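# Examining the three-dimensional arrangement
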Amino acid sequence: MTRSRRLILALAAVFVGAVGPVHAEPPKLTGAQKLELGHAIVDRNCSMCHAVETTGVSANPEAPPFRLLNRKISVDDLSEALAEGIMTGHPAMPEFRFEPREVEAIVLYLKSIQTRVRV
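Residues numbered from 1 in each chain as written. Predicted model: local features only at pLDDT ≥ 70, side-chain atom pairs only at ≥ 80, totals over all residues. Heavy atoms only, no water.

## What to know about the layout of surface pockets
What counts here: Both site types are read off a 1 Å grid over the protein atoms alone. A 1.4 Å probe that fits but cannot get out defines a cavity, while an open set with protein on both sides within 12 Å along at least five of seven lines defines a pocket; lining residues have an atom within 4 Å of a point. Grid points are joined across faces, edges and corners, and a volume is the space filled by probe spheres set on the points. Helix and strand definitions here come from DSSP, where helices need a minimum of 4 consecutive H or I residues and strands a minimum of 2 consecutive E residues; each element is numbered from the N-terminal end. Residues were grouped as follows: Ala, Val, Leu, Ile, Met, Phe, Trp, Tyr, Cys and Pro as nonpolar; Asp, Glu, Lys and Arg as charged; and all remaining residues, including Gly, as polar.
Here the second largest pocket is characterised by a volume of approximately 250 Å³. Counting residues per element, the lining of the second largest pocket draws most heavily on helix α4 (residues 100-113), which supplies four residues. Grouping the constituent residues of the lining of the second largest pocket by class yields five nonpolar, no polar and six charged.

## Digging into the side chain of R67
Put simply, the rule reads: Exposure categories follow from relative accessible area, calculated using a 1.4 Å probe and restricted to protein chains: below 20% of the type maximum is buried, above 50% is exposed, and the middle band is partly exposed. Two residue types count as positive, namely Lys and Arg, and two as negative, namely Asp and Glu; His and chain ends fall outside the count. Any carboxyl oxygen of Asp or Glu that lies within 4 Å of a side-chain nitrogen of Lys or Arg is treated as forming a salt bridge with it. We call two residues contacting when some pair of their heavy atoms lies within 4.5 Å.
Inspection of the secondary structure puts R67 in the loop between α2 (31-46) and α3 (78-84). The side chain of R67 sits in the buried core without any salt bridge; E53 is the nearest counter-charge, 8.7 Å away. Setting aside residues up to four positions removed in sequence, R67 forms contacts with A51, E53, T54, T55, G56, I113, Q114 and T115.

## Let's talk about α2
We apply this condition: Residue count minus one, scaled by 1.5 Å, sets the expected span of a helix. The arc in question is traced by the directions running from the helix axis to the C-beta atoms.
End to end, α2 covers 22 Å across 16 residues, agreeing with the expected 22 Å (1.5 Å per residue, within 8%). Along α2, the residues that are buried comprise G38, I41, V42, N45 and C46. On an axial view of α2, the arc spanned by its buried residues comes to 90°, and they lie on one face. Within α2, the exposed residues directed more than 90 degrees away from the buried face are A32, E36 and R44. Where α2 is buried, its residues touch α4.

## Topic: the environment of L108
Summarising the element assignment, L108 is placed in helix α4. Of the residues examined, L108 reaches a relative accessible area of 32% and is grouped as partly exposed. Sequence spacing of L108 and L35 is 73 residues, and the spatial spacing of their C-alpha atoms is 6.2 Å. Beyond its immediate stretch of four places on either side in the chain, L108 contacts G31, K34 and L35.

## A look at the environment of E53
Applicable threshold: Polar contacts, as counted here, are pairs of nitrogen or oxygen atoms within 3.5 Å of one another; within protein the pair requires one atom able to donate a hydrogen and one able to accept it, and residues that are adjacent in sequence qualify only if both atoms are side-chain atoms.
Counting through the fold element by element, E53 comes out in the loop between α2 and α3. A relative accessible area of 35% means that E53 is categorised as partly exposed. When the C-alpha atoms of E53 and Q114 are compared, they prove to be 9.4 Å apart, with 61 residues separating the residues in sequence. Aside from chain neighbours lying at most four places away, what touches E53 is H39, R67, Y109 and I113. Here the side chain of E53 touches H39 through a polar contact of 2.7 Å, side chain to side chain.

## Some thoughts on the side chain of Q114
Its place among the elements puts Q114 in the segment after α4. Looking at Q114, its side chain comes within polar contact range of the main-chain nitrogen of N70, at 2.8 Å. For Q114, the side chain forms a polar contact with the main-chain oxygen of L110, separated by 2.8 Å. With residues up to four places along the chain from it excluded, the contact list for Q114 reads F66, R67, L68, L69, N70 and V75.

Below is the structure:
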């Protein structure tokens, strides 16, 4: 290898190292994958207080079961709060802030478990 070629390769390595890794867009999720992600997020972050399935009682009596959220609010309206940070709820509720992809998955999951509101 010639000296000039080694110098070019060394400079290229320094340049690539200085730029850092390229962050690619995460792959698009199917509807089923979004539901699974939403379920995993609420199970991990919320199930210690809330019932996050279609049945069951909440561990914290002040934390409503997620399947009943539509009786008090529109689940679609949660998108902004999930993205900006939920700071209200039951007294022991920590603040949560989620990425747009996570928000979409959480709302889709929550919509999938809502009980029908009787009129």
